[in-house]
Amino acid sequence: MASTPPPTSSSPANSARKVFTVGTRKSKLALSQTDLVVGALRKIWPDYTFNIHSQETAGDQNTTIALREFTTKNLWTQELEELLMAGQVDFIVHSLKAPTMKREDSRDVLVIKKGLPNMSLSEMPAGSVVGTSSIRRTAQLARRYPHLKIMDVRGNIGTRLAKLDAEDSPYTCIILAAAGLLRLDLQDRISQYLDSKNGGMLYAVGQGALGIEIRKDDQIMHDMLRRISDEDATYACWAERSLLRTLEGGCSAPLGVETEWVQLPDGSRKLRMRSIVVSVDGNEEAKIEIDGAVDSAQSAEEFGVMVAKELVVKGAGKILEDIQQNKLKQTS
């Protein structure tokens, strides 16, 4: 994944290259997110052509195995990254990668089965079934709401909503990312926004952010993407990803984060990061809240490392080590 380079004197507008191919998954949400990026680029370069190539990836093709059972971390990207390296596409639009645009709402949300009364997680009767494919959500739910039953659910947003609303559905509700529902104009399905103050749930690293993966040596794409970037979103997500990378986590790590830019009484502006690591059974947790002076790529990276080290001191290292040991036992 390429990071933003220093400014150069070269200008995309002066290049003879005016046709670009964008790689993306075939899901409705992936295509919607790609349209957002292409739309932003077309506003600046209306005479450029952006062709969209979409295809299914391994994560799309297998919707029955729980995400935590997969051993690879690039379920959603490998096939597209191969096309990128081969020069068949010029860039790829992802969720949860280094962002270039303003971040959508990063919170998780609760979606109640149609026909049931609206209620919060804390109001649900004991034994109510919550659908999620995320170990992060599963762990936090086990910690905060031990009276609820958690059941795996896979598929794109439309598939998950259909599984939830089916007459014979075992689910009382499911938890999804707010960004996906908002981008698909499905905000009417949101029953409760979840965050540290409401529901006690922290979101996934990079959630709500769109990112673009390009070839490192493609200076034209580097320069073009700088024009549609959002600095606050970029630095916040770089800090979050630095935290994740330092903890050596991935999609199977029960790591939750929450970042916000805050103005302190002394007039300084800092990035506030809340983070939590919870054991899968919900019995143990390590959590932290820290403010950091973040005003560059380097300081964002350093802040994420610092938060990770503090989390390890508070017990996150042991929790993650136990999870890894359990995985090794299951595969041996």
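Predicted model only: the values in this text are computed from it and were never measured.

Caption draft 1: Molecular detail of the packing of aromatic side chains. Tallied over the entire structure, the rule returns 4 aromatic pairs. Measuring from ring centre to ring centre gives 5.6 Å for Phe 20 and Phe 50, while their planes differ by 20°; the resulting arrangement is stacked. Of the two residues, Phe 20 is situated in strand E1 (residues 19-24) and Phe 50 in strand E2 (residues 49-54); the sequence distance between them amounts to 30 residues. A relative accessible area of 0% places Phe 20 in the buried class. Residue classification places Phe 50 among the buried residues on the basis of a relative accessible area of 3%. Members of the aromatic cluster, joined through ring pairs, are Phe 20, Trp 45, Tyr 48 and Phe 50.

Caption draft 2: Seen up close, the nonpolar core. Counting residues in each nonpolar core, the largest one holds 28 residues, and the members touching the most others are Leu 243, Leu 247, Leu 255, Val 277, Phe 303, Val 307 and Leu 311. Elements that contribute at least two residues to this core include exactly helix H8 (231-246), strand E10 (255-263), strand E11 (269-278), strand E12 (285-292), helix H9 (297-313) and helix H10 (316-331). Counting residues per element, this core draws most heavily on H8, which supplies 6 residues. Once residues within four sequence positions are removed from consideration, Leu 311 is found in contact with Leu 243, Leu 247, Leu 255, Ser 275, Val 277, Ala 286, Lys 287, Ile 288 and Ala 316. Listed in part, the 19 residues of the second largest apolar core include Phe 20, Ala 40, Leu 41 and Val 93.

Caption draft 3: Structural context of the pattern of salt bridges. The final tally for this structure, using the stated rule, is 22 salt bridges. A salt bridge links Asp 165 to Arg 189; the nearest nitrogen and oxygen atoms lie 2.8 Å apart. Pair noted here: Asp 165 is in helix H5 (residues 157-165) and Arg 189 is in the loop between helix H6 (178-183) and strand E8 (192-194), with a separation of 24 residues, a long-range link. Among the residues examined, Asp 165 registers a relative accessible area of 23% and is labelled partly exposed. Among the ionic contacts, a cluster of salt bridges with common partners joins Glu 258, Glu 260, Arg 272, Arg 274, Glu 289 and Asp 291.

Caption draft 4: Spatial organisation of the confidence of the model for the protein chain. Chain-level pLDDT for the protein chain is 87 on average; 85% of the residues reach the 70-or-more range. Taken together, the stretch residues 1-11 has pLDDT below 50 and engages in 19 contacts with residues farther than four places along the chain or on a different chain. For residues 59-63, every residue scores under 50 in pLDDT, and the model assigns this stretch 11 contacts once sequence neighbours within four places are set aside.

Caption draft 5: A look at the sheet that holds E12. Spatial strand order, E10-E11-E12: 3 strands in an open sheet with antiparallel pairing. Looking at the sheet topology across the chains shown, the edges are occupied by E10 and E12. If you compare each strand with its neighbour and ignore which way they point, the axes differ by 10° on average. The pairing of E10 with E11 spans 9 bridges and is antiparallel. Residue pairing in the sheet places Glu 260 in a bridge with Arg 272 of E11. Packing of H8 onto the sheet brings it into contact with E10 and E11, and relative to E10 it is tilted by some 145°. Of the strands in this sheet, E10, E11 and E12 are in contact with H9, which crosses E12 at around 145°.

Caption draft 6: Up close: the side chain of Arg 137. By the element assignment, Arg 137 lies in helix H4 (residues 135-144). Among the polar contacts made by the side chain of Arg 137, one reaches the side chain of Asp 108 at a distance of 2.9 Å. Of note is the side chain of Arg 137, whose polar atom sits 3.4 Å from the backbone oxygen of Ile 175. If sequence neighbours within four positions are ignored, Arg 137 has contacts with Asp 108, Thr 132, Ile 175, Leu 176, Ala 177, Met 201 and Gln 207.

Caption draft 7: Just H9, in detail. Helix length check: H9, at 17 residues, gives a terminal C-alpha distance of 25 Å against a target of 24 Å (1.5 Å per residue), a fit within 8%. Within H9, the full set of buried residues consists of Ser 299, Ala 300, Phe 303, Gly 304, Val 307, Ala 308 and Leu 311.

Caption draft 8: A look at the environment of Asn 198. Within the secondary structure layout, Asn 198 lies in the loop between E8 and strand E9 (210-214). Asn 198 sits 77 residues away from Leu 121 along the chain, and the two C-alpha atoms are 9.9 Å apart. Residue contacts for Asn 198: discarding those within four places in its chain leaves Gln 192 and Tyr 193. Looking at Asn 198, its side chain comes within polar contact range of the side chain of Gln 192, at 3.3 Å. Within the structure, the side chain of Asn 198 is placed 2.7 Å from the backbone oxygen of Tyr 193, a separation counted as a polar contact.

Calculation criteria
- Residues numbered from 1 in each chain as written.
- Predicted model: local features only at pLDDT ≥ 70, side-chain atom pairs only at ≥ 80, totals over all residues.
- Heavy atoms only, no water.
- Phe/Tyr/Trp six-rings, centres within 6.5 Å; stacked < 30°, edge-to-face > 60°.
- Helix = DSSP H or I, 4+ residues; strand = E, 2+ residues; numbered from the N terminus.
- Buried < 20%, exposed > 50% of the residue type's maximum accessible area, 1.4 Å probe, protein only.
- Core = buried A, V, L, I, M, F, W, Y, C linked by side-chain atoms within 4.5 Å.
- Contact = heavy atoms within 4.5 Å.
- Salt bridge = Lys/Arg side-chain N within 4 Å of Asp/Glu carboxyl O.
- pLDDT = per-residue confidence, 0-100.
- Pairing = 2+ DSSP bridges.
- Axes fitted to C-alpha atoms, helices over the stretch in contact; angles between N-to-C directions.
- Polar contact = N/O pair within 3.5 Å; in protein donor to acceptor, adjacent residues only side chain to side chain.
- Expected span 1.5 Å × (residues − 1).

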